[in-house]
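Survey of secondary and tertiary structure
The residues making up each chain are set out below.
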Amino acid sequence: MSNYGIRTTQNDQDVSSNNFSYDTTKKHLLVDLTQPQKQLAVLDNFVPGTALQLTGIVDDYKEEILLTIPHNNGFRPTPLSYYFIKSISGDPTQGGGYSQNIYFFSGSAGTFQDIITLRTWPDRSEFVHLVQDFSSGTIWSSPAPSFLMRIKYFIFSNPIDRVL
Amino acid sequence: MTIIETKLYELVNLMTDGLEIAQGGIDMGDASDYQKVLDTRWEFLEIAAETMFSFEGDPGGTHLQLLKVLDHNLGYLPAFTHDGVFNTFNSIFSADEKSIYANVFFSVPIVNEFIRVFACDITAEYQAPSTIVSGSRLSSPSSYGAKVLNAHSHDITSNNMGDYTLNSNSKPISLQLHGKRSTVSGHLAFDHNVGYPPSFFIAHINVNNFTGPSTTISAMNDTFGFSIADDTQITIRGAQAGLVGDYAVLILKDPIEVAS
């Protein structure tokens, strides 16, 4: 722990209260705005995948990488993403609504899942669409290509694969 | 002694009773609330504790096990997140006023789950003032501004944002609102009054659950359902079933459809 830095309090609170609004001796989530590839962005009119299929094979798993975002952190950064449904099959009245970190096209515990999410690696982040069977032998064809999304993502320069 | 020369930078503004710093490339007068890397009038998401958690699994076991992950000792139900396990349907982690716990199934191993606890009393009522809700300019990296290194870092010229705890070429997470809200008829609806659809987290508050006769809170990045957000209100409905009970909500100053 460093004894150097800046500590601020909110209005009418003395610094001796230890109730700081910002304390630079503590770590904060930060998105790096200087990286060549945007680590904070909105993706509009995003088609979230193809019709990935489960064919009844127990524990079947298929995935497709929809977008790769390189970074130079050297560790797995922290992802945060929001998925807004603009339309389904071209019909905006079927859209609306945000989902955080994962959007479920379908699925349930114990059967299968069909999702889009953002995952990170030491040199890149990826939007991935996947279908996964949970020992149920489900037969399924993903409706993902009929969706149109607007996605906002944050990729924080804070690792999730090590404690600094 | 002058510690900040405001004449050189319009990025920094010493208010009558506080300090604000804008992101790079934006004059203070043009910066929206969400384009500030520091404003002493509101809270920022500060990291209180982090750890990696693994569980080898117990193939011979036949029941759920409650394991302690770490002691945070904050004295309140904290906002916290987990990353790593690809578990989309079950809330594994919970927190009480002292510790983080994992409720693990006997046969399912967990490998290197990353737990991050924030110094944020998420069930306590808090609302920041809203001053400028829309930015007239986008931020852009600048060689002018402010930066402060993390305790473990020593190179102020570092190009790794992970070495900093404050940097005007970054996007920090500033908070608009947090507090406890109750569900009604399977929905969670609440006012945020931020002036645009904001980014958000919610966490389920559990009463008398597996940790015993105590109140705990789930991770705020578990998946709960879908939300409808407008300029004044957020409504959240469950993905598979109606929401029940109480939730803690955390609203960010960041718009959900603007990136700057």
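Residues numbered from 1 in each chain as written. Chains lettered and ligands numbered in written order. Predicted model: local features only at pLDDT ≥ 70, side-chain atom pairs only at ≥ 80, totals over all residues. Heavy atoms only, no water.

1. Section: the overall build of chain A
- When helices and strands are counted, chain A shows zero helices and 13 strands.
- What you see in chain A, going N to C, is helices and strands ordered as β-β-β-β-β-β-β-β-β-β-β-β-β.
- In terms of overall dimensions, chain A is more spread out than a globule: its C-alpha atoms have a radius of gyration of 20 Å, far above the 15 Å expected for 164 residues.
- Judged by the C-alpha coordinates and their principal axes, chain A covers about 65 × 35 × 35 Å.
- A total of 164 residues make up chain A; the buried ones form 51% of that total.
- Of all intrachain contacts in chain A linking residues separated by at least 6 positions in sequence, the fraction that spans at least 24 positions is 68%.
- As displayed, chain A offers around 6,900 Å² of accessible surface, 51% of which is attributable to carbon and sulfur atoms.
- Side-chain charges of chain A comprise 12 positive and 15 negative groups, with the mean position of each set lying 6 Å from the other. (Helix = DSSP H or I, 4+ residues; strand = E, 2+ residues; numbered from the N terminus. Rg over C-alpha atoms; globule rule 2.2 N^0.38 Å. Buried < 20%, exposed > 50% of the residue type's maximum accessible area, 1.4 Å probe, protein only. Contact = heavy atoms within 4.5 Å. Areas by Shrake-Rupley, 256 points an atom, 1.4 Å probe, with all protein chains shown as cover. Lys, Arg positive; Asp, Glu negative; His and termini not counted. Charge placed at Lys NZ, Arg CZ, Asp CG, Glu CD.)

2. Focus on the interface of chain A and chain B
- Contacts between chain A and chain B engage 61 residues on the former and 63 residues on the latter.
- Between chain A and chain B, the buried area comes to about 5,300 Å², and carbon and sulfur atoms account for 61% of it.
- Inspection of the chain A/chain B interface yields three salt bridges.
- Here chain A is connected to chain B by 12 residue pairs in polar contact (both at pLDDT 80 or more).
- If one sorts the elements of the side of chain A that touches chain B by residue count, strand β13 (residues 147–159) of chain A sits on top with seven residues.
- When the residues that make up the side of chain A that touches chain B are grouped by side-chain class, the tally is 30 nonpolar, 23 polar and eight charged.
- In terms of strand pairing, strand β8 (residues 98–100) of chain A meets strand β18 (residues 225–229) of chain B through two bridges, oriented antiparallel. Pairing of Ser99(A) across the sheet is with Phe226(B), part of β18(B). (Buried area = accessible area lost by both parts, 1.4 Å probe. Salt bridge = Lys/Arg side-chain N within 4 Å of Asp/Glu carboxyl O. Polar contact = N/O pair within 3.5 Å; in protein donor to acceptor, adjacent residues only side chain to side chain. Nonpolar A, V, L, I, M, F, W, Y, C, P; charged D, E, K, R; others polar. Pairing = 2+ DSSP bridges.)

3. Some remarks on the confidence of the model for chain B
All names here are of chain B.
- Mean pLDDT over chain B: 83, with 87% of residues reaching 70 or higher.
- Note on residues 1–9: pLDDT is under 50 here. Beyond four places in sequence and across chains, it has six contacts.
- Both scores are given for the predicted complex: the pTM is 0.89, the ipTM 0.90. (pLDDT = per-residue confidence, 0-100.)

4. Overview of unusual backbone geometry
Residue and element names in this part refer to chain B.
- Of note, the phi angle at Asn112 is positive, near 50 degrees, even though the residue is not glycine.
- Structurally, Asn112 is set in strand β9 (residues 110–121).
- Here the phi dihedral of Asn193 falls at roughly 55 degrees; this positive angle occurs in a residue that is not glycine.
- Mapped onto the fold, Asn193 is located in the loop between β15 (187–191) and β16 (198–207).
- Taking the relative accessible area as the measure of exposure, Asn193 reaches 46% and is therefore partly exposed.

5. Section: the nonpolar core
- Residues Leu45(B), Phe53(B), Phe80(B), Ile115(B), Ile217(B), Met220(B) and Leu250(B) are the most contacted members of the largest nonpolar core, which totals 67 residues.
- Element by element, the count of residues in this core is highest for strand β20 (residues 246–255) of chain B, at six residues.
- Setting aside its immediate chain neighbours within four residues, Met220(B) contacts Gln100(A), Leu45(B), Ala79(B), Phe80(B), Thr81(B), Phe118(B), Ile122(B), Phe201(B), Ile202(B), Ala203(B) and Leu250(B).
- Listed in part, the 19 residues of the second largest apolar core include Tyr83(A), Ile116(A), Met149(A) and Ile155(A). (Core = buried A, V, L, I, M, F, W, Y, C linked by side-chain atoms within 4.5 Å.)

6. Some thoughts on the pairing of β9(B)
- Both strand β4 (residues 47–55) of chain B and β9(B) contribute to a ladder of seven bridges, which runs antiparallel. Paired with Met52(B) across the strands is Phe114(B), a residue of β9(B).

7. Notes on the pattern of salt bridges
All names here are of chain A.
- In this structure the tally under the stated criterion is 21 salt bridges over all chains.
- Across the pair Asp44 and Lys86 runs a salt bridge, and its minimum N-O distance is 3.1 Å. Placement of Asp44 in strand β4 (residues 40–46) and of Lys86 in strand β7 (residues 77–88) is noted, with a sequence separation of 42 residues between them.
- Under the relative-accessibility criterion, Asp44 is labelled partly exposed at 42%.
- With a relative accessible area of 24%, Lys86 lands in the partly exposed category.
- In this structure, Lys62 engages Asp60 in a salt bridge whose closest nitrogen and oxygen atoms are separated by 2.8 Å.
- By relative accessible area, which is 29% here, Lys62 ends up partly exposed.
- What you see here is one network of salt bridges that share partners, running through Glu63, Arg119, Asp123, Arg124 and Glu126.

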